[in-house]
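Listed here are the chains, written in short residue letters.
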Amino acid sequence: MTTSATSGTGPADPAGPTENSLRRALKRARDGVALDVSEAAVLLQARGEHLDALTASAARVRDAGLEAAGRPGVITYSKSVFVPLTRLCRDKCHYCTFVTVPGKLRRAGHGMFMSPDEVLDIARKGAALGCKEALITLGDKPEDRWPEAREWLDAHGYDDTIAYVRAISVRILEETGLLPHLNPGVLSWTDFQRLKPVAPSMGMMLETTATRLWSEPGGPHHGSPDKEPAVRLRVLEDAGRSSVPFTSGLLIGIGETYEERAESLFALRKVSRSYHGIQELIIQNFRAKPDTAMRGMPDAELDELVATVAVARHIMGPSACLQAPPNLVDAEYERLIRAGIDDWGGVSPLTIDHVNPERPWPQIEELAAKSRAVGFELRERLCVYPEFVRRGEPWLDPRLRPHVAALADPATGLALPDAPVVGRPWQEPDEAFTASGRTDLHTAIDTEGRTSDRREDFDEVYGDWAALREAAAPGMAPERIDTDVRAALATAADDPTRLTDDEALALLHADGPALDALCEVADDVRKSAVGDDVTYIVTRNINFTNVCYTGCRFCAFAQRRTDADAYTLSLDQVADRAEQAWEVGAVEVCMQGGIHPDLPGTAYFDIARAVKARVPGMHVHAFSPMEVVNGATRTGMSIREWLGAAKEAGLDSVPGTAAEILDDEVRWILTKGKLPAATWIEVIETAHELGLRSSSTMMYGHVDQPRHWLGHLRTLAGIQQRTGGFTEFVTLPFIHTNAPVYLAGIARPGPTVRDNRAVTAMARLLLHPHIPNIQTSWVKLGTEGAAEMLRSGANDLGGTLMEETISRMAGSSYGSYKSVKDLIAVADAAGRPAKPRTTLYGPVPEERQRAARDSDGHLPQLLPVLD
């Protein structure tokens, strides 16, 4: 490793930083002033007395953090076993000796993956020695490169490597009591949902954000698709969105410059601040290994490591947990402690470090003595850090809480050293459907209102508001549109399917007379496509719980289980509501709920069965794509399998909610943890393929712009052309009043009347002729607003709802129920006839129409369902 102004293969500056620049940067660090990248790069080159001053400052920052955390003078480690589940990988990192090829495994008498018996043998021996962590490490997606890996997985009944990781983690929990810490490489958002229920923590080294080390031939990561920095940063963000305690870090000395190293640290800080989910950072020094392409590269020197730890401490701050692996330094433990670390990582009394097999672990007793010599007490922690043990939900899945609680000191969150490490059942919580909380909220929201305009964990659950404000700024900038609106209107009137994106964007910006003309064109297209009838459905919304920890920043419905406005309905209460709805003429129940951490993945099947058992003729329109993914990942089923099982249980169609805006640029501002756009599309297309029709939706008027509306509508049109499964498109204007993203000063106060008219009209034109039904929302727009949308291209008013809690908790003032007469009056206001429909836009049986007429206007008396 060089000690010039840059390191590794970067352009050399033999002079290094000037004395003045070092002194200036050191003073800023000592004074607690925020460093920038250039100052951090200067400090990374500190040596001699400057390095001593830097580490002294870093140690003070670390000590302040330990004091605030309630463990002053404590340095931690995890007593673990290392499980190399497979050494096959699709990547080709030039410094790695962990990865091998199928032929070598065969010649050594090994399988492509460790067998369950081999894994459990290690885990049991570790448990007998008091270990509490099973560090499961493996190569990235080996089945994508090696047919032998694919054959092994197929032969053992696993769809992919992640499925095996999940299955073996459950067995480790149940049969040994060790807590799995998973290092399976690059994961998708859906992968995190699959693995979160079986592992308290996961990890993946960022290594570096220097793209050139991946993209340029000869670079250490060239030819490794999973080492692209943008991909790895996305993994860190998805971990945060999924509330997974996550370990990451840097590998220093692989050819990055000091500036690149500093940029990597700032990238990690940004993710940490945005999601509060990085539990520790590992600063790991490169060690050259024989039989690798980088065998001739010099090791990262100790001064490099010490300076990087100290700079990382200043950048990440006092609350960060910093680790440096003790087996990668030659007993120079004191210097690392003085540089600001507070953790030694996993140390095993049983297994070797399979990534660095030439570097044995130190003895725990030796580590304790070396730490004590510098004034620190060595304490054992779990694989999940104390802060996350004490945070609890949503960071620990309910199925893991008993396993973690059995090994953790409830006062500190650290490990109980003498706790028996024994297997415990991994199972769903009991009593998931016990009625609790404000079960009458669907009516009380209109009379008594909310207890508070925000949940009690407002400042923590949604991530970092300052970072979100910065991320939202580009999308909020106004756009200049130069396309001729008159020409675009002419195209729309002649054949809306020929509208170009530029023309469509111009029309989405239309105002004044141009907007009036646009709405007239859309209304003409509506008339030719579906006629004058304004359709509506007699339906009841049933929101079976509002307990949710997903962290959607636009949602005022979600509550923590301990919040005053939280509630969960029992299965009987859900069925009671459905039966009441049937008695007054309903043909559909629309059922959605929060992502309750205690709700089993099979609970959705129970809900559908409960309704069908009570009211066999009721159409069950239920479970948003987010709920589908939640159910699938909790049960370990694929999305297709889960939807098939839900259909067998009584599900008839799915709401196309949870779409918001199908553009991840916007989605990740609106929501912390909801499914990405690609996963929403996967769920919807799979449902359609299985014969489950769905609605489609768009929520607009928050941090979005017309270009996002255009992309969203084009995406929906494309899905419909492929599947034909959408029944309608529903416009959902953003209700801002109690929405967290508005209360935090980031979102606009909902769409304007102009926006509503333009979106409705352009939905009619851009979805023509693929989605014939355009629905407007009376609960969000009111009677007059809905009538105006009927004159702007809409043909459907949605349902009577009977109860509506989501928009009402957000601040909608238009009530929770419209009688049939009310809906007919809205159609009358638009000068059009009204007609009842079913979910799939078919005719309503006369018996259902008669029941609706006979009870119309008396429904609110039936709504409360109390024990």
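Description of the structure in this document. (Residues numbered from 1 in each chain as written. Predicted model: local features only at pLDDT ≥ 70, side-chain atom pairs only at ≥ 80, totals over all residues. Heavy atoms only, no water.)

## Side note on the overall build of the protein chain
Now for step 1: Helix and strand counts for the protein chain stand at 35 helices and 21 strands.
Now for step 2: In summary, the protein chain has a C-alpha radius of gyration of 29 Å against a globular reference of 29 Å for 867 residues, a match within 12%.
Now for step 3: The principal-axis extents of the C-alpha atoms in the protein chain amount to approximately 85 × 60 × 55 Å.
Now for step 4: Across the 867 residues in the protein chain, those meeting the buried criterion constitute 63%.
Now for step 5: In the protein chain, of all internal contacts separated by at least 6 residues, the share reaching a separation of at least 24 is 78%.
Now for step 6: When the accessible area of the protein chain is evaluated, it comes to approximately 30,800 Å², of which 51% is carbon and sulfur surface.
Now for step 7: Within the protein chain, the 120 negative side-chain charges are centred at a point lying 2 Å from the centre of the 94 positive side-chain charges. (Helix = DSSP H or I, 4+ residues; strand = E, 2+ residues; numbered from the N terminus. Rg over C-alpha atoms; globule rule 2.2 N^0.38 Å. Buried < 20%, exposed > 50% of the residue type's maximum accessible area, 1.4 Å probe, protein only. Contact = heavy atoms within 4.5 Å. Areas by Shrake-Rupley, 256 points an atom, 1.4 Å probe, with all protein chains shown as cover. Lys, Arg positive; Asp, Glu negative; His and termini not counted. Charge placed at Lys NZ, Arg CZ, Asp CG, Glu CD.)

## Some details on the packing of aromatic side chains
Now for step 1: Summed over all chains, the structure comprises 15 aromatic pairs.
Now for step 2: Taken together, a centroid distance of 6.4 Å and an interplanar angle of 75 degrees make the contact between Phe-544 and Phe-623 edge-to-face. Of this pair, Phe-544 sits in the loop between β12 (539-543) and β13 (567-568) while Phe-623 sits in the loop between β15 (619-622) and α25 (625-635), and the two are 79 residues apart along the sequence. In this pair, the class of Phe-544 matches that of Phe-623, namely buried.
Now for step 3: Taken together, the aromatic side chains of Phe-544, Tyr-604, Phe-605, Phe-623 and Trp-642 make up a single cluster linked through ring pairs. (Phe/Tyr/Trp six-rings, centres within 6.5 Å; stacked < 30°, edge-to-face > 60°.)

## A closer look at unusual backbone geometry
Now for step 1: Residue Pro-394 is bonded to the preceding Glu-393 through a cis peptide linkage, with omega at 0 degrees.
Now for step 2: Mapping Pro-394 onto the fold places it in the loop between α15 (386-391) and α16 (401-407).
Now for step 3: That bond from His-768 to Pro-769 is cis: its omega, -5 degrees, falls within 30 degrees of zero.
Now for step 4: Of note in the backbone geometry, His-276 takes a positive phi value of approximately 55 degrees without being a glycine.

## Some points on the nonpolar core
Taken as a class, soluble globular proteins show a tendency for nonpolar side chains to be buried jointly.
Now for step 1: Residues Met-591 and Trp-680 are the most contacted members of the largest nonpolar core, which totals 128 residues.
Now for step 2: The contact partners of Trp-680, leaving out residues within four places of it in the chain, are Pro-625, Gly-656, Thr-657, Ala-658, Ala-659, Leu-662, Leu-675, Leu-716, Ile-719 and Phe-726.
Now for step 3: Residues Leu-182, Ile-252, Ile-341 and Val-421 belong to the second largest nonpolar core, which totals 124 residues. (Core = buried A, V, L, I, M, F, W, Y, C linked by side-chain atoms within 4.5 Å.)

## Describing the environment of Gln-775
Now for step 1: Relative to the helices and strands, Gln-775 is located in strand β19 (residues 774-775).
Now for step 2: In the structure, Gln-775 is positioned 55 residues away from Ala-830 in sequence and 14 Å away in space, judged by C-alpha atoms.
Now for step 3: Among the polar contacts listed, one links the side chain of Gln-775 to the side chain of Asp-796, at a separation of 3.1 Å. (Polar contact = N/O pair within 3.5 Å; in protein donor to acceptor, adjacent residues only side chain to side chain.)

## Some words on the pattern of salt bridges
Now for step 1: What the rule picks out here adds up to 55 salt bridges.
Now for step 2: Residue Glu-380 is joined to Lys-132 by a salt bridge in which the shortest nitrogen-to-oxygen separation is 3.1 Å. Here Lys-132 lies in the loop between α5 (116-128) and β2 (133-138) and Glu-380 lies in strand β9 (residues 377-381), a separation of 248 residues in the sequence.
Now for step 3: A salt bridge links Asp-796 to Arg-837, with the nearest nitrogen and oxygen atoms 2.7 Å apart. (Salt bridge = Lys/Arg side-chain N within 4 Å of Asp/Glu carboxyl O.)

## A few points about the environment of Pro-749
Now for step 1: By the secondary structure assignment, Pro-749 is in the loop between α30 (740-743) and α31 (753-766).
Now for step 2: The spacing of Pro-749 and Leu-468 is 281 residues in sequence and 17 Å in space, taken between C-alpha atoms.
Now for step 3: The residues touching Pro-749, leaving out its near neighbours within four places in the chain, are His-736 and Tyr-742.

## Re the state of the cysteines
Now for step 1: What the rule picks out here adds up to 0 disulfides.
Now for step 2: The thiol of Cys-93 is not disulfide-bonded; the next cysteine sulfur, from Cys-96, is found 6.1 Å away.
Now for step 3: What makes Cys-93 buried here is its relative accessible area of 17%.
Now for step 4: Between Cys-590, a cysteine without a disulfide, and Cys-555, which holds the nearest cysteine sulfur, the sulfur-to-sulfur distance is 15 Å.
Now for step 5: For Cys-590, a relative accessible area of 12% puts it in the buried group. (Disulfide = S-S within 2.5 Å.)

These results come straight from atomic positions and should not be treated as a statement about function.
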